[in-house]
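Structural overview
Chain residues, written in single-letter form:
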Amino acid sequence: MVAHLLRLKLTLLRNGLRRSPWQLVGLAIGTLYALGLVGTGIAGLVLLRSADAATAQTVVVLGGAAAVLGWAIVPIIASAADMTLDPARFTTFAVPMPQLLAGLALAGLIGIPGAATSLVALATVATWSRGVPAAAGALAGAVLGVLTCVVVSKVATAGTAGLASSRRFKDASAIAFLIPLVLMGPILAGLSREIAASTGFLAELARILAWTPAGAAWALGGDLAAGNYWQAALKFLIAAATLAALAWVWKLLLLRALVTPPYAGTAKKKSSGLGVFGLVPATPAGAVAARSLSYWLRDPRYAGALVVVPLLPVLLFFQASQTGFYGILQAVGPLTAFLLAWSIASDVSYDSTAFALHVSTGVRGVDDRLGRAAACLVFALPVVLLFSVAPMFLTGQWQLLPGLVGLSLGVLFSGLGLSSVVSARYTVPVPLPGDSPFKKPPGNVAQTLAVQFGGMAVLLLLVSPEVVLVALQLAGGGPVFGWACLILGPVLGLALFAVGVRLGGRWFDARSPELLAQLAINR
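Residues numbered from 1 in each chain as written. Predicted model: local features only at pLDDT ≥ 70, side-chain atom pairs only at ≥ 80, totals over all residues. Heavy atoms only, no water.

**Section: the overall build of the chain**
Within the chain, the regular secondary structure consists of 24 helices and zero strands. Residue pairs at least 24 apart in sequence account for 79% of intrachain contacts in the chain once pairs closer than 6 positions are excluded. (Helix = DSSP H or I, 4+ residues; strand = E, 2+ residues; numbered from the N terminus. Contact = heavy atoms within 4.5 Å.)

Next up, the structure:
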């Protein structure tokens, strides 16, 4: 039965590659990337053979503990996890539990992550090939460590199966995963400073992790090489007990999943009235604005764009703390205005085939453009004003506030007008409704880049008067230029906003059938 489950896994993988050429391309790219990482890891572990035992032990234990942690976390937050051998599929088959556990565990090694982890783990034998006991201990530790990685991933996915069947959990976890990625630079830089300031920090951390379930298996080779046989024996017992405990927990979760598989449906909720639609004017533009606000609040593809906004001040503050130039924080307002204004440039593309609703009901282009822009303004305007004022409490340069507020408002209004034109003229490949916010579908990359960079260049040209006034004030021209920008920014921005809504509305009226056809092609 175990061999049958492994053949089933390989068959499903092969059939998936035959059905989708793009999946084959993705697998090839992922394999090449993994080979590069695996080759680097194996080469480093082989070179560690000539390093001192303490350094080799630190590297192996920290790397192994990081692998266990990764196998525990990634399956939970990955919205597109491999479910080819989902335990719920075996509810109608009387597969003996020991064979099912063994088959599913070994099947977890089939694939790029399992193969890469196994190869790098086995390379630790080369690191500790300084004697027969050390090499044998490294081999036993590698086997225990890899099996622990696989089983802990199964426990994590089985334990969160009920949540994972919820689309809202998948969307929220995918967005939450973006936050540490955006902050990866500051996090790594901060850790580097702390490590550099603490002599022996990594060695002490590895010594502690070696006595935990995450690192005990990876410490066997180093302890045997150093002659610490009693420590190696105790750590072997910790690693074996960890694997046994995880397997027992997985068995219980698997039994529950086979008896009561998670329900992927949604519970019925009582109607709470019209919601956002009850708060807007009963006009075509108001209806479009309410529909857009619903998307901003509920569609994870929009939330994926918004999550970057509150992280922008954090990134700039980190940059300022590194360079000592806190004046860079004053760019938060204009940058936020640009990000939020340009976000609706792909609004029609995010509609996908639901855009047919706008076409079939005969919504006027000017109402469609105005409604989408107004929905963005509801939250963009207060956020931009807040981000324009807040940095002044740190920099103390209040004399620059009028100019920066004028520039931010000019960028926001002008950008919304430009986006209203762009989204009525061009569509770009975006994640489809229900897909992960970070899934990038294939499409015309050249056109997408041309639209993005061309739009940025045009927006910079439109706000150049405000930029010149702020630059003159920064060059020592006095506060009069800042006050002039405070007047010019909103006035010129609103004028360009009105022009953009009207021009975009005309293009929308003339091209709405073509837009719908392009959206259907992009699916």
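Following the structure, the description resumes.
**Regarding the pattern of salt bridges**
Applying the stated criterion to the full structure yields six salt bridges. With its nearest N and O atoms 2.6 Å apart, the salt bridge here joins Arg207 to Glu204. Separated by three residues within a single helix, Arg207 and Glu204 lie in helix α10 (residues 201-209), roughly one turn from each other. In this structure Glu204 comes out as partly exposed when scored by relative accessible area, which is 36%. With a closest N to O distance of 2.9 Å, Arg372 and Asp368 form a salt bridge. (Salt bridge = Lys/Arg side-chain N within 4 Å of Asp/Glu carboxyl O. Buried < 20%, exposed > 50% of the residue type's maximum accessible area, 1.4 Å probe, protein only.)

**Examining the packing of aromatic side chains**
One pass over the full model with this rule turns up two aromatic pairs. A ring pair is formed by Phe355 and Phe508, whose centres lie 5.5 Å apart and whose planes are at 80 degrees; its orientation type is edge-to-face. Here Phe355 is found in the loop between α17 (347-351) and α18 (356-360), whereas its partner Phe508 is found in helix α24 (residues 479-522), with 153 residues between them in sequence. Here the aromatic rings of Phe393 and Trp398 are separated by 5.0 Å at their centres, their planes lie at 90 degrees, and the arrangement is edge-to-face. Against the face of Trp211 rests Lys235, its NZ or CZ located 4.7 Å from the ring centre. (Phe/Tyr/Trp six-rings, centres within 6.5 Å; stacked < 30°, edge-to-face > 60°. Lys NZ or Arg CZ within 6 Å of the ring centre and 35° of its normal.)

**Considerations on the packing of helix α21 (residues 401-425) against helix α23 (residues 464-477)**
The geometry of α21 relative to α23 is characterised by a closest axis approach of 9 Å and an angle of 165 degrees between their N-to-C directions. On the basis of the axis angle, α21 is roughly antiparallel to α23. For α21 against α23, the interelement crossing comes out left-handed. Within the contact between the two elements, α21 uses Gly403, Leu404, Gly406, Leu407 and Gly410 and α23 uses Glu466, Val467, Val470 and Gln473. Considered class by class, the residues forming the contact of α21 with α23 number four nonpolar, four polar and one charged. (Axes fitted to C-alpha atoms, helices over the stretch in contact; angles between N-to-C directions. Parallel < 35°, antiparallel > 145°, perpendicular 65-115°, else oblique. Left-handed = near helix turned anticlockwise from the far one by under 90°. Nonpolar A, V, L, I, M, F, W, Y, C, P; charged D, E, K, R; others polar.)

**Details of the side chain of Gln57**
Among the secondary structure elements, Gln57 is positioned in helix α3 (residues 53-77). Take Gln57: its relative accessible area is 15%, and that puts it in the buried class. With residues up to four places along the chain from it excluded, the contact list for Gln57 reads Trp128, Trp218, Ala219, Gly222 and Asp223.

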